[in-house]
Amino acid sequence: MGSSPWLLISLMLAACSAGGGHAGPLIPTRLRVEYMDRPLGLDVARPRFSWALEHTERAEVQTAYQLTLMQWQNSSSGGLNAVEKSLQWARRQMLGSDGFVSLMEGSSLASVHWDSGWVESNQSTNVEYSGTPALQSDSVYVWMVAYRDSKGVASAAGSSYFNTGLLTVSDWSGAVWLDGEQGNQLRTSFTINPKVDINMFSTENSGLAASFCYVAGLGYYTMHINGKLVSDHVLGPFTTFEERLPYYAHDVTDHLQIGESNVIAVTLGHGWYSQTSVHAGGRSLLLKCGIHFNDGTSMDVVSSTAWKQIAGPIVADDIYNGQMYNASMETEFWESTLYNDSSWAAAATVATPPTGVLSWPAIQPVRKVQAYAAIKLSEPAPGVFVFDFGQNMAGICTLTMDSPGEPGTNVTLLHAEIMSPNGFVNHHYGNTAELSTYIFGDKVYSQPIVFEPKFVYSGFRYVQMTGFPGTPSLTRTLVAHFVHTDMEMSGNIEFAPNDHILNSVQHITRAASLSNFIDIPTDCPQRERRGWLGDAQLSAETTLNNFDMGASYTKFMRDILDSQIQIAKATPKIAGAVPDCVPWYHHGGAPADPAWGTAYTLIWQWMYQYYGDDRMLATYYDGVAQHMDQLIAESNHTSGLLEFSRYGDWCSLQHGGGCRKSSALVSSFYFILQMDALANAAAMLGKADDAKKYSDLAKSTREAFQGAFYDKDQQMYIDPNLGPQTSVPLALFLGVVPEDQVEAVVGNLITDIVTANTYHMNTGIVGTKYLLPMLSKYGHHDVAMALASQTTFPSWGYMVMQTATTLWESWKGDEFTAVSSRNHIMFGGQSSWYYQYIAGLNVAPVSKGWESIVIAPYITQAIPGAGGDLAGADATIITARGSVRSSWTMASPACATGTENQDVTLACAGPSGTIANITFASFGTPKGSCGNFSIYNCSSPNSMDKIKALCVGKHSCSITASTKFFGGDPCFDVKKSLAVQATCTAGSPYTISITVPVGSSALMRVPLPKGTSSSQWLVSEGSTVVWKSNAFVAGDPGVSAAAATSTYIEFTVGSGNYVFSLVAEE
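Since this is a predicted model, take the numbers as computed values, not measurements.

**A word on the overall build of the chain**
Thought 1: Scanning the chain for helices and strands turns up 19 helices and 55 strands.
Thought 2: Taking 2.2 N^0.38 as the reference for a compact globule, 1066 residues should give roughly 31 Å; the C-alpha atoms of the chain span a radius of gyration of 32 Å, in line with that estimate.
Thought 3: Expressed along its principal axes, the backbone C-alpha trace of the chain runs to roughly 100 × 75 × 65 Å.
Thought 4: Buried positions account for 60% of the 1066 residues belonging to the chain.
Thought 5: Taking all contacts inside the chain whose residues are at least 6 apart in sequence as the whole, residues at least 24 apart take part in 76%.
Thought 6: Carbon together with sulfur atoms contributes 51% to the accessible area of the chain, which is approximately 38,500 Å² in total.
Thought 7: For the chain, the distance from the average site of its 60 positive side-chain charges to the average site of its 91 negative ones is 2 Å.

See the structure below:
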């Protein structure tokens, strides 16, 4: 008899003691299995578990944990809904581990599969299942974890669950591959008759415990059961299909009907699998559903020749070109039990079944994540309607029509990223149509017609529609859906003031990043849509700071390995090589350009750094080493450099622009970086000989790099296809610049930026990634801020000024002139600089997975006239261990404004403040407000010098806003005004708020204002003084030590929230 868990739970709660109150250790949160939240279809034999810790006190750690794995029983009904409700109920009782287990077992909901007992360890991420019983296929497991803090107090248990997929080939027995090329609509019907009594009082599905379907629909698929959509993904995985065939798992418990007929209906699309540029095979379906009853019995439904199939109304679908839908071929209600399929053909089997390994995708599905209504609707010609959605994106549209057109006529949707000045869209890609078409049939409709293309996506902001029957509505006719891998946006950074250009640039960077993660990191969502490794590695730290990438990069590393294996099979002479594009279907070259193939090594390294992924480090070591050895074989053994290069600093403006410019300096740079990474990994894995081999080679290649590219006379790094803005930052990053020449080399770089390029960048995608960080690191954060804040060509801000809502592929172009793609992530490396330098959030160099953190915000005054003023920044990254935050705010500046011939008073707040610096001054036609002034039309060239001479060092000063005082009239016959902004010494120049997760520690570096020393400042944390008289003051909980350098005061802190203020010491 099916039994509801609620009565059993309520009876058991009285016997279970609740955990402690709200003080002390709190219930673990963010429970993840293999980086996934409640994954379905998991096929990892020894999955890893992670949880985040919370505590009411500072400087707390986990000293022990208890992890319990329980197998959900089939004695109760309701599938995963019942599991989730049971766990929610139990969590509210704040039970400890033992109480949780007693509740689950006592109510016959779950039985213990494995219990770790209390393990003395601070590890809370990637804890591997180490039980003896192997996990079973097609099963639900509940897991719970509690931890003890530094005082030995235990938390209540956090809980979650996962479902296992089909773990062995034999688990798929009975299912056969069906040939979707013989008809893209497939269905089967069956009846469920469990051998149990029907419980007339149960609100659950009587007799049915749970049911999961495992579906490999190649290339893409949708699935309905009894007329209801089961699949929630839009597209599907792109893999090396010869090596790996992805399948999804679906909980279908609530979709099935007991004692009645049931129908499973699947529609297949080409996807990548049978797209013409890949064509790994034809559309195919393999399916197995396990249906489990309360009495422990089960039945299977499998794909077989008993299924029926027919060609449906989707007469064409192509990733690049769009979909054609012919409504005259609709089979109404075919996904439900109401339809009679007797006229359909028996399903055909695939003549040569695919041979890749059936695998859980190990990544969140691609979904419709955000909907957009149009912000503008125009009609540039009769019957031609253009919708502007205000956001460039990867996505699809839903079309709603209240009445049909004439049979045989059609509505077309043409997607594009830009408009032409004449009001029509400008679809400027010749290789991809991005056109979806709906052809009307002769059916009489009682409801509005809704058309949403399946198995395709486009890159677009605008949609041009023709053939619409009637007058379209701005908000109802067409709705756009942003489509991407449904990964969590775990990072966020905002800048003050709110209208600062950096906020807009951060938005277009994140939008480009999301648009270009459709199961794999792609270059663009319209023209190529391929996994170019150069784009992937240069944007990886941006994505790691903005999104939870644990699952996504786990899957992508597997993709790279699969491509490496395919190349070794096809071309043994370059075994070990990886290609430019992954998955590898002869797009790009092989071996990869070194700056592209480095994605294999660097993403591998960053997954260890950001997630502490020891398993990935060990699993991919051999593959990365083989890749490295292939590069060593490719290198010039005479020069000691890796000279092979295809792309160099791709799309640089140096020497007139143009993208394809090889560079031995760039290739050798990445050659060295990869050897460093491999040497470090080898040392951690106990491979001493390898560690020595690669570290020695890195050392000798550094020497060769310095000898080949450094011009001692010019004190400059020279490569004929690079400018100083790329060559110098790469040399600085490698640490090859002689210590006594760093200042001169950096000075020459600054001259190039300031004099030759007037505070504009001149880099390609490689130089762009490293220029800003090296400027900040080597004492020129103000110059980096000026570059980052530019709004004229070439700059990120220029793209924004030209109405961009995603990053471009080129610095060039304007609102109406497209130069290459308008949605590329390859210039997006600067977002990681926002987090790492402006906000100062970094994993400590010798640490992993945010165990030890360095919080070192760079705070500086802008260069007058160059731009880059910033009043504050607030950044949070939700890591696997919990939230890390850095938020700083500059003290409000002293400002004064007045009209011509008026006396204007500039004064510091408080009785003892003095004017330290003038950050803005303009006598002429300034615009803006305090904190956001700018020069407009005219300004006296003497404005800054005159006011500095008059006011700096004083508490207040009076300025006469006259042509006499400023030495001339900057603009005749124009009413002039004065605007002044200054910083003062009194009070705190800035405050910094930080959060450190439980179990982690941090070095908090409070930066010293330029030109001052630590002896001039007193530091408070909250209301407690922690630095005075140039020495640490103990006593503040969580702050354990402090030391000073010439540029910052560094505090050692434990977990918790802190607010540091810097105050001039009397």
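**A few points about empty space enclosed by the protein**
Thought 1: Summed over the entire model, instances satisfying the criterion amount to five cavities of 30 Å³ or more.
Thought 2: Roughly 170 Å³ of internal volume is contained in the largest cavity.
Thought 3: Asp548, Tyr611, Ile878, Thr879 and Ala880 are the residues nearest the centre of the largest cavity, which is lined by 15 residues in total.
Thought 4: Contributing elements (two or more residues each) for the lining of the largest cavity: β1 (29-33), α7 (594-611) and β41 (872-879).
Thought 5: When residues of the lining of the largest cavity are assigned to their parent elements, the largest contribution, three residues, is made by β41.
Thought 6: Split by residue class, the lining of the largest cavity holds nine nonpolar, three polar and three charged.
Thought 7: By volume, the second largest cavity amounts to about 80 Å³.

**Some thoughts on the pattern of salt bridges**
Thought 1: One pass over the structure, following the stated rule, counts 42 salt bridges.
Thought 2: For Arg283, the salt bridge identified is with Glu181, shortest N-O distance 2.9 Å. Highlighted residues: Arg283 in the loop between β16 (261-269) and β17 (284-293) and Glu181 in the loop between β9 (178-179) and β10 (185-191), separated in sequence by 102 residues.
Thought 3: We classify Glu181 as partly exposed; its relative accessible area is 36%.
Thought 4: Glu703 serves as the salt-bridge partner of Lys699, at 2.9 Å between the closest nitrogen and oxygen. Of this pair, Lys699 and Glu703 both sit in helix α11 (residues 688-709), four residues apart, which is roughly one turn of the helix.

**Concerning the sheet that holds β1**
Thought 1: Spatial strand order, β1-β3-β6: three strands in an open sheet with antiparallel pairing. Strand pairing shows two members of the sheet lacking a second neighbour, β1 and β6 (127-128), which therefore form its edges.
Thought 2: As judged from the two bridges shared by strand β3 (residues 48-52) and β6, these two strands associate in the antiparallel manner. Following the sheet pairing, Arg48 is matched in β6 by Glu128.

**So, the sheet that holds strand β22 (residues 345-346)**
Thought 1: One open sheet accounts for six strands, arranged β13-β12-β16-β10-β19-β22; its pairing is antiparallel. Because the sheet does not close on itself, it has two edges, and the strands there are β13 (228-229) and β22.
Thought 2: Alignment of strand β19 (residues 308-310) against β22, held across two bridges, turns out to be antiparallel. Of the residues in β22, the one forming a bridge with Gln309 is Ala345.

**Comments concerning the state of the cysteines**
Thought 1: On inspection of all chains with the given rule, the structure shows four disulfides.
Thought 2: Between the sulfur atoms of Cys213 and its disulfide partner Cys289 the distance amounts to 2.0 Å. Between Cys213 and Cys289, the S-S dihedral sits near 105 degrees, and the bridge is therefore right-handed. Here Cys213 is found in strand β11 (residues 208-218), whereas its partner Cys289 is found in strand β17, with 76 residues between them in sequence. Residue Cys213 shares its accessibility class with Cys289, and that shared class is buried.
Thought 3: Left without a disulfide partner, Cys524 is nearest to the cysteine sulfur of Cys581, which lies 10 Å away.
Thought 4: On the basis of relative accessible area, Cys524 is assigned to the buried category, the value being 0%.

**Looking at unusual backbone geometry**
Thought 1: Between Ala496 and Pro497 the backbone carries a cis peptide bond, its omega angle lying at 0 degrees.
Thought 2: Residue position: Pro497 is located in the loop between β34 (491-496) and α4 (501-515).
Thought 3: Cis geometry marks the peptide bond from Val582 to Pro583; its omega dihedral reads -5 degrees.
Thought 4: Residue position: Pro583 is located in the loop between α6 (550-570) and α7.
Thought 5: Phi is positive for Phe333, which is not a glycine, with a value near 65 degrees.
Thought 6: When you line up the elements, Phe333 lands in the loop between β21 (322-326) and β22.
Thought 7: For Phe333, a relative accessible area of 48% puts it in the partly exposed group.
Thought 8: One non-glycine residue, Arg529, lies in the positive phi region at around 65 degrees.
Thought 9: Looking at where Arg529 falls in the secondary structure, it is placed in the loop between β36 (520-521) and α5 (533-546).
Thought 10: Since its relative accessible area comes to 0%, Arg529 is described here as buried.

**Details of the packing of aromatic side chains**
Thought 1: Overall, the coordinates contain 48 aromatic pairs when judged by the stated rule.
Thought 2: Centre to centre, the rings of Phe965 and Phe966 are 4.9 Å apart; their planes meet at 90 degrees, and the pair counts as edge-to-face.
Thought 3: Take Phe965: its relative accessible area is 23%, and that puts it in the partly exposed class.
Thought 4: Owing to a relative accessible area of 0%, Phe966 belongs among the buried residues under this scheme.
Thought 5: Over the ring of Tyr457 we find Arg529; its NZ or CZ atom is 4.7 Å from the centre of that ring.

**Section: the nonpolar core**
Thought 1: Judged by nonpolar contacts, the single largest core of 257 residues is most densely connected at Phe389, Phe705, Phe1051 and Phe1060.
Thought 2: Leaving out residues up to four positions away in the same chain, Phe389 has contacts with Tyr372, Ala373, Ala374, Ile375, Cys397, Phe460, Arg461, Val463, Leu478, Val479 and Ala480.
Thought 3: Membership of the second largest hydrophobic core comes to 25 residues, among which are Phe190, Val266, Leu268 and Cys289.

**Describing a nonpolar patch on the surface**
Thought 1: A contiguous nonpolar patch, built from Val315, Met324 and Met329 and spanning about 220 Å² of accessible area, is present on the exposed surface.
Thought 2: On the secondary structure map, Met329 appears in the loop between β21 and β22.

**Some words on the confidence of the model for the chain**
Thought 1: The pLDDT averaged across the chain works out to 93; a share of 96% of its residues lies at or above 70.
Thought 2: Low pLDDT (under 50) marks residues 1-20, which in the prediction has 43 contacts with non-local residues, meaning those over four places away or in another chain.
Thought 3: Contacts for the low-pLDDT stretch residues 197-205, under 50 throughout, to residues beyond four places or in other chains number 13 contacts.

What counts and how
- Residues numbered from 1 in each chain as written.
- Predicted model: local features only at pLDDT ≥ 70, side-chain atom pairs only at ≥ 80, totals over all residues.
- Heavy atoms only, no water.
- Helix = DSSP H or I, 4+ residues; strand = E, 2+ residues; numbered from the N terminus.
- Rg over C-alpha atoms; globule rule 2.2 N^0.38 Å.
- Buried < 20%, exposed > 50% of the residue type's maximum accessible area, 1.4 Å probe, protein only.
- Contact = heavy atoms within 4.5 Å.
- Areas by Shrake-Rupley, 256 points an atom, 1.4 Å probe, with all protein chains shown as cover.
- Lys, Arg positive; Asp, Glu negative; His and termini not counted.
- Charge placed at Lys NZ, Arg CZ, Asp CG, Glu CD.
- 1 Å grid on protein atoms, 1.4 Å probe; cavity = no way out; pocket = protein on both sides within 12 Å on 5 of 7 lines; lining within 4 Å.
- Points joined across faces, edges and corners; volume = space filled by probe spheres on them.
- Nonpolar A, V, L, I, M, F, W, Y, C, P; charged D, E, K, R; others polar.
- Salt bridge = Lys/Arg side-chain N within 4 Å of Asp/Glu carboxyl O.
- Pairing = 2+ DSSP bridges.
- Disulfide = S-S within 2.5 Å.
- Phe/Tyr/Trp six-rings, centres within 6.5 Å; stacked < 30°, edge-to-face > 60°.
- Lys NZ or Arg CZ within 6 Å of the ring centre and 35° of its normal.
- Core = buried A, V, L, I, M, F, W, Y, C linked by side-chain atoms within 4.5 Å.
- Patch = residues over 30% accessible without salt bridge, like charges linked within 9 Å, V, L, I, M, F, W, Y side chains within 5 Å.
- pLDDT = per-residue confidence, 0-100.

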